[in-house]
Amino acid sequence: MKLWGGRFTKETDQLVNNFNASISFDQKFYRQDIRGSIAHATMLGKQGIISEAESNQIIDGLNGILSDIENGTLTITDEYEDIHTFMEATLIERIGDVGKKLHTGRSRNDQVALDMRLYTRDEVLNMDNELKELLAVILRLMKENTETYMPGFTHLQKAQPVTVAHHFGAYFEMFKRDRSRLHDIYERMNYCPLGAGALAGTTYPLDRELTANLLDFYGPTLNSMDSVSDRDYLIEFLSALSTIMMHLSRFSEEICIWNSNEYKFIELDDAYSTGSSIMPQKKNPDIAELVRGKTGRVYGALMSLLTTMKGIPLAYNKDMQEDKELSFDAIDTVKGCVSLFKGMIDTMRFNPKRMEDSAKHGFTNATDAADYLVKNGVPFRDAHGIVGQLVLMCIDKGIALDDLSLEEYRSVSPVFNEDIYEAISLKTCVEKRLTLGAPGPEVMKKVIAAYDEYMSEN
Ligand code: ARG
């Protein structure tokens, strides 16, 4: 069955049918399609465009279709062009000619614009929940590790000591911003395109405020041509998803490095690792690698839709059907990645001894040695040079700054005294960093308290 055979004298070529059809993927939003149709039918009845009795019959029919799809007695089959055609045909088959009145004052253009928006809106909320669960795991790990020392890196070279809580806190901030991006998108997209018709509204007295209300939108959209051809909200969502993946990918890369034989900062749980078909000793971080790898796929969806939309004249064009498969794929991919990543970090074990030793042996306290001289009256630039010489001496001897004797210190600068050892101990280096946002456990506890508040309010 087709919704548009009347003006044609020939059958559509089968290859054209196949190329044109979208039912294989747009059946994913059958619930949203039914929900939109129920709102439309309710409004048609209230406005007297069809009778109340007809409206009720249509709504009952649609509810019946919904429950039969859900309980498995009705299957959506590929012989229809799209989910809209399937719904209308099934409705007419079930309730007869009254079903033919459902599409009064509506076009598939505003129908699909509505369905996709409803689907996306649900997924924005689902994604927000997934991220919140990830944040809860990160926050737990932060609370347990405010005094777990590790080296902080720049250029992947040991720089200054930090804590696991501090490092994970950086990701808490990133995913918190990702959630706030989703909230912004929700605010902008939450307007209802239903009633825009094909592109120019209709002459029926539709109540667009009512349908917008029934579908939990803030209100109706204000331009019918824009309503049927706007996919900005989807581009924004794909962009937010790409940023989430970029964050997850960086984190995954660190997991791979920390889990490597050379670092051994962490050990992934067996349940989240995989083996090799040939090398019996292998335990690989495949999940982290896959998350990193799938990032490209999500970026691809964003670039694809941006490119699809760039040359489309107003209003609806069939190009826009291409918004679906790649968006569905990107949404499912990101949801899967966030959830698996969460499980992976929730079950991995830290190796605090390895991390602390690593922080001790990489001159991560060199800045603190220079700061010690500054506090004793040496200008910072001179202090930098003095400690540079000491580092060179240590490299020569294969030891850490902590291992130099006081004589050796004094041979480069007489300013050094016995208290240098205390000043450059790992504990001092971390605990004295008490500026807001720094790793010092005291200030970190304040930040954690702020995160607890954020989690209970958002
Ligand atoms: N499957 C179509 C899409 O996804 C539905 C809208 C069809 N509208 C039309 N004028 N052919 O865009």
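Attention here is on the structure that accompanies the text. (Residues numbered from 1 in each chain as written. Predicted model: local features only at pLDDT ≥ 70, side-chain atom pairs only at ≥ 80, totals over all residues. Heavy atoms only, no water.)

### Focus: the packing of helix α6 (residues 108-144) against helix α7 (residues 164-189)
Reasoning step 1: Where α6 meets α7, the closest approach of the two axes is 9 Å, and the angle between their N-to-C directions is 160 degrees. Taken as axis vectors, α6 and α7 run roughly antiparallel relative to one another. Between α6 and α7 the crossing geometry is left-handed.
Reasoning step 2: Grouping the constituent residues of the contact of α6 with α7 by class yields 18 nonpolar, 3 polar and 7 charged. (Axes fitted to C-alpha atoms, helices over the stretch in contact; angles between N-to-C directions. Helix = DSSP H or I, 4+ residues; strand = E, 2+ residues; numbered from the N terminus. Parallel < 35°, antiparallel > 145°, perpendicular 65-115°, else oblique. Left-handed = near helix turned anticlockwise from the far one by under 90°. Nonpolar A, V, L, I, M, F, W, Y, C, P; charged D, E, K, R; others polar.)

### Let's talk about the site of the ligand
Reasoning step 1: Neighbouring residues of the ligand: Ser22, Asp26, Asp82, His84, Arg108, Asn109, Val112, Tyr316, Gln321 and Lys324.
Reasoning step 2: In this structure, Lys324 approaches the ligand through a side-chain N or O atom, which is 2.6 Å from an oxygen atom.
Reasoning step 3: Notes on the ligand: free accessible area 350 Å², of which the protein chains cover 86%.
Reasoning step 4: Of all the elements, α6 adds the most residues to the shell around the ligand, at 3 residues.
Reasoning step 5: Tallied by class, the residues present in the shell around the ligand amount to 2 nonpolar, 4 polar and 4 charged. (Near = heavy atom within 4 Å. Polar contact = N/O pair within 3.5 Å; in protein donor to acceptor, adjacent residues only side chain to side chain. Areas by Shrake-Rupley, 256 points an atom, 1.4 Å probe, with all protein chains shown as cover.)

### Here we look at the pattern of salt bridges
Reasoning step 1: Overall, the coordinates contain 32 salt bridges when judged by the stated rule.
Reasoning step 2: Between Lys143 and Asp452 there is a salt bridge, with its nearest N and O atoms 2.8 Å apart. With Lys143 in helix α6 and Asp452 in helix α19 (residues 441-457), the pair connects residues that are 309 residues apart, well separated along the chain.
Reasoning step 3: For Lys143, a relative accessible area of 42% gives the class partly exposed.
Reasoning step 4: Given the relative accessible area of 33%, Asp452 is considered partly exposed.
Reasoning step 5: Arg349 is the salt-bridge partner of Asp269, the closest N and O atoms lying 3.6 Å from each other. With Asp269 in the loop between β5 (266-267) and α11 (286-309) and Arg349 in strand β6 (residues 349-350), the pair connects residues that are 80 residues apart, well separated along the chain.
Reasoning step 6: One connected set of salt bridges, linked through shared partners, spans Glu267, Asp269, Asp270, Lys283 and Arg349. (Salt bridge = Lys/Arg side-chain N within 4 Å of Asp/Glu carboxyl O. Buried < 20%, exposed > 50% of the residue type's maximum accessible area, 1.4 Å probe, protein only.)

### A look at the packing of aromatic side chains
Reasoning step 1: Applying the stated criterion across every chain, the model contains 18 aromatic pairs.
Reasoning step 2: Judged by centre distance (6.2 Å) and plane angle (50 degrees), the ring pair of Phe153 and Tyr263 falls under tilted. In this pair, Phe153 is assigned in strand β1 (residues 149-154) and Tyr263 in the loop between α10 (232-258) and β5, connecting sequence segments 110 residues apart.
Reasoning step 3: Residue classification places Phe153 among the partly exposed residues on the basis of a relative accessible area of 24%.
Reasoning step 4: Between Tyr263 and Phe265, the aromatic rings sit 5.2 Å apart at their centres with planes inclined by 75 degrees, giving edge-to-face as the arrangement.
Reasoning step 5: Phe265 sits in the buried class, given a relative accessible area of 2%.
Reasoning step 6: Put simply, the rings of Phe168, Tyr171, Phe175, Phe251, Trp258, Phe341 and Phe350 pair up and form one aromatic cluster.
Reasoning step 7: In this structure, Arg121 is placed above the aromatic ring of Phe217, and the distance from its NZ or CZ to the ring centre is 4.4 Å.
Reasoning step 8: The positively charged end of Lys176 is found above the aromatic ring belonging to Tyr454, 5.5 Å away from the centroid. (Phe/Tyr/Trp six-rings, centres within 6.5 Å; stacked < 30°, edge-to-face > 60°. Lys NZ or Arg CZ within 6 Å of the ring centre and 35° of its normal.)

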